[in-house]
Amino acid sequence: MSPTADGSGAIAPGSTDRAEFEADTRAHRQLYWTTEPAELIATVTGHIAAGRTLPAGAAAGADALPAADADGAGVAAAVAESLLLVGRLELLGRHDPEAARPALQEARTTAVAAGEPLLAAAALGLLALVPADGRAEAAAESFTAARSLLAHAGTGAAGLLDWLEAVEAERANRDGEHEKAIRLISRVEGARVRSEDRPFPPWLDWCTTARIGILKGRIQLAAGLVAQARRTLLYAMATVRPDDHGQRSLIYAGLAAVEAADGQAYESCGYACRALEHIEAGGDVMGVRAGLEEYLHDSCVQDLYESLAFSPSESVVPAGTGEVTRRGTSAGRAPGIR
């Protein structure tokens with residue numbers, strides 16, 4: 001966004017602050033993968049409060065914004081993106097759906113007010129993963145509303161629809177509808193073959209080939225398709241860079257779970273050790289530990305699981321990461337949508 005808004009060459013009042021706010025919002029996107037959820041939530045919550053002090057920022061979450069105020073709409077969109085990030089962190093990082101619900105609901109209303117249907121649809125997708133106080137149809141209603149928004153959206157809608165179907169697969173898997181989950185995630189996998197024709201919005205870095213493979217492998221394992229899950233995860237590993245420790249740690253955790261389910265305790269422990277090696281190099285402690293918790297009947301898996309609670313990754317910071325805190329060790333759901 002240009003800081004000159006009045007055509008005279010002068011800097012419009014508040015425009016520099018707006019540009020800085022939007023730049024900081026973009027910078028927060030990558031911190032999801034490297035920063036403790038509680039730490040990043042505190043940072044982004046303060047960022048949202050700052051955005052509300054900017055012109056039109058206070059209107060975020062209202063029913064409408066001044067149509068002529070493009071800069072103001074940009075601020076409101078940035079606030080919506082930040083609210084979405086907080087909701088995602090609460091839901092998938094801290095596994096606290098009750099804390100996630102209001103952030104995601106406000107992200108949706110703020111995105112609609114800012115004229116950002118893709119952000120609103122993403123908030124609805126994540127809301128479908130939040131328990132709805134006994135309302136079994138609530139998730140389906142969220143998915144329907146999200147699809148309706150995407151039907152009238154422009155660039156990025158096709159990519160976001162792929163992600164939405166992956167979320168729907170995760171929801172079906174949690175509900176025990178494994179055949180539906182496999183059907184959905186396989187459709188996503190096929191769609192992403194044409195990924196150049198189905199671009200994601202710039203804030204959506206959640207749906208890579210490897211992450212789709214990790215989720216598909218977890219779904220196949222939950223359905224009892226052990227051999228297929230193994231093949232899926234090994235293929236996912238082949239698509240990941242050697243230095244992508246976060247995704248490699250999750251894939252090795254998935255393979256450890258596969259081998260444990262197949263009664264191969266030695267192989268399971270071997271994969272779990274590899275997961276631990278990647279954690280020490282910067283991987284996802286929380287996701288790996290969650291991925292092993294169903295297989296604690298094997299003593300070696302149990303020992304590794306317990307060791308992750310005191311993983312050296314909490315104190316060993318690899319070169320180049322500065323003061324950024326690593327993702328936490330609290331156990332949660334097995335890694336799927338992250």
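Numbering of residues starts from 1 in every chain and runs along the sequence as written. Thresholds applied to this predicted model are a pLDDT of at least 70 for local features of residues and 80 or more for the giving and counting of side-chain atom pairs; totals over whole chains, interfaces and linings are not thresholded and use all residues. Water and hydrogen atoms play no part in the side-chain values, which are based on all heavy atoms of the structure.

**Q** So what exactly am I meant to see when it comes to the overall build of the protein chain here?
**A** Helix and strand counts for the protein chain stand at 14 helices and zero strands. Only runs of H or I of at least four residues qualify as helices and only runs of E of at least two qualify as strands under DSSP, and these elements are numbered from the N terminus. Reading the secondary structure of the protein chain in the N-to-C direction produces α-α-α-α-α-α-α-α-α-α-α-α-α-α. With a 1.4 Å probe rolled over the protein chains alone, any residue whose accessible area is under 20% of its type maximum counts as buried; one over 50% counts as exposed, and the rest are partly exposed. Out of the 338 residues belonging to the protein chain, those deemed buried represent 51%. It only takes one pair of heavy atoms within 4.5 Å for two residues to be counted as in contact. By sequence separation, contacts in the protein chain at least 24 residues apart represent 67% of the contacts at least 6 residues apart.

**Q** Would you take a moment to explain unusual backbone geometry for this structure?
**A** Glycine aside, a negative phi is what most residues show, and trans is what most peptide bonds show. One non-glycine residue, histidine 95, lies in the positive phi region at around 55°. Turning to its location among the elements, histidine 95 is positioned in the loop between α3 (70–93) and α4 (97–113). The class for histidine 95 is partly exposed, based on a relative accessible area of 27%.

**Q** Looking at this model, I keep getting lost on the pattern of salt bridges. Mind explaining?
**A** Two side chains that carry opposite charge are able to pair once their charged atoms sit near each other. A side-chain nitrogen of Lys or Arg and a carboxyl oxygen of Asp or Glu constitute a salt bridge if their distance falls within 4 Å. Summed over the entire model, instances satisfying the criterion amount to 15 salt bridges. A salt bridge links glutamate 170 to arginine 174, with the nearest nitrogen and oxygen atoms 3.0 Å apart. Highlighted residues: glutamate 170 and arginine 174, both in helix α7 (residues 157–174), separated by four residues, approximately one helical turn. When its relative accessible area of 4% is taken as the criterion, glutamate 170 is described as buried. We note a salt bridge from glutamate 189 to lysine 216, for which the minimum N-O separation is 2.6 Å. One end of the pair, glutamate 189, is in helix α8 (residues 178–191); the other, lysine 216, is in helix α9 (residues 209–222), with 27 residues separating them in the sequence. Given the relative accessible area of 30%, glutamate 189 is considered partly exposed. One network of salt bridges, with partners in common, ties together Arg147, Glu165, Glu168 and Arg187.

**Q** Would you explain the nonpolar core in this entry?
**A** For soluble globular proteins, the rule of thumb is that nonpolar side chains tend to be buried together. Residues belong to one nonpolar core when they are buried, are Ala, Val, Leu, Ile, Met, Phe, Trp, Tyr or Cys, and are joined through side-chain atoms within 4.5 Å. Counting residues in hydrophobic clusters, the biggest one holds 58 residues, and the most contacted among them are Leu84, Leu160 and Trp163. Take this core: its biggest share by element is 11 residues, from α3. Val240, Ala256, Val258 and Ala275 belong to the second-largest nonpolar core, a separate cluster that totals 19 residues.

**Q** Looking at this model, I keep getting lost on the packing of aromatic side chains. Mind explaining?
**A** The relation between two aromatic rings is expressed through the spacing of the ring centres and the mutual angle of the planes. Only Phe, Tyr and Trp rings take part, Trp by its six-membered ring, and two of them pair if their centres are within 6.5 Å. Stacked means planes under 30 degrees apart, edge-to-face means over 60, and tilted covers everything else. Scanning all chains against the criterion turns up one aromatic pair. We call a charge positioned above a ring when the Lys NZ or Arg CZ atom is no farther than 6 Å from the ring centre and deviates by at most 35 degrees from the ring normal. If you follow arginine 88 out to its NZ or CZ, it ends over the ring of tyrosine 32, 3.7 Å from the centre.

**Q** What am I meant to see in the side chain of glutamate 81 here?
**A** Positionally, glutamate 81 belongs in helix α3. The residues touching glutamate 81, leaving out its near neighbours within four places in the chain, are Thr25, Arg29, Leu119 and Trp203.

**Q** Would you mind going over the packing of helix α10 (residues 226–238) against helix α11 (residues 245–261) with me for this structure?
**A** The geometry of a pair of packed helices is captured by two quantities: the angle between their axes and the separation between those axes. Only the stretch in contact is used when a helix axis is fitted, and all axes are lines through C-alpha atoms; the angle between N-to-C directions ranges over 0 to 180 degrees. α11 packs onto α10 with a crossing angle of 160° between their chain directions and a minimal axis gap of 10 Å. With respect to each other, α10 and α11 are oriented roughly antiparallel. By crossing handedness, the relation of α10 to α11 is classed as left-handed. Contacts between α10 and α11 pair Val226, Ala229, Arg230, Leu233, Leu234, Ala236 and Met237 from the former with Arg248, Ile251, Tyr252, Gly254, Leu255, Val258 and Glu259 from the latter. In this scheme, roughly parallel covers angles under 35 degrees and roughly antiparallel covers those over 145, while 65 to 115 is roughly perpendicular and the rest are oblique. In a left-handed crossing the near helix is turned counterclockwise from the far helix by less than a right angle, and in a right-handed crossing that turn is clockwise.

**Q** It is not clear to me how the packing of α9 against α11 should be interpreted in this structure. Could you clarify?
**A** Between α9 and α11, the least distance of the axes is 10 Å, while the angle of their chain directions is 15°. In terms of their interaxial angle, α9 and α11 are classed as roughly parallel. α11 is crossed by α9, and the crossing has left-handed handedness. Along the contact surface, α9 presents Ala210, Arg211, Ile214, Arg218 and Leu221, while α11 presents Gln247, Leu250, Ile251, Ala253, Gly254, Ala257, Val258 and Ala261. Here the contact of α9 with α11 is composed, by residue class, of nine nonpolar, two polar and two charged. Here the term charged refers only to Asp, Glu, Lys and Arg, the term nonpolar to Ala, Val, Leu, Ile, Met, Phe, Trp, Tyr, Cys and Pro, and the term polar to all other amino acids, Gly among them.

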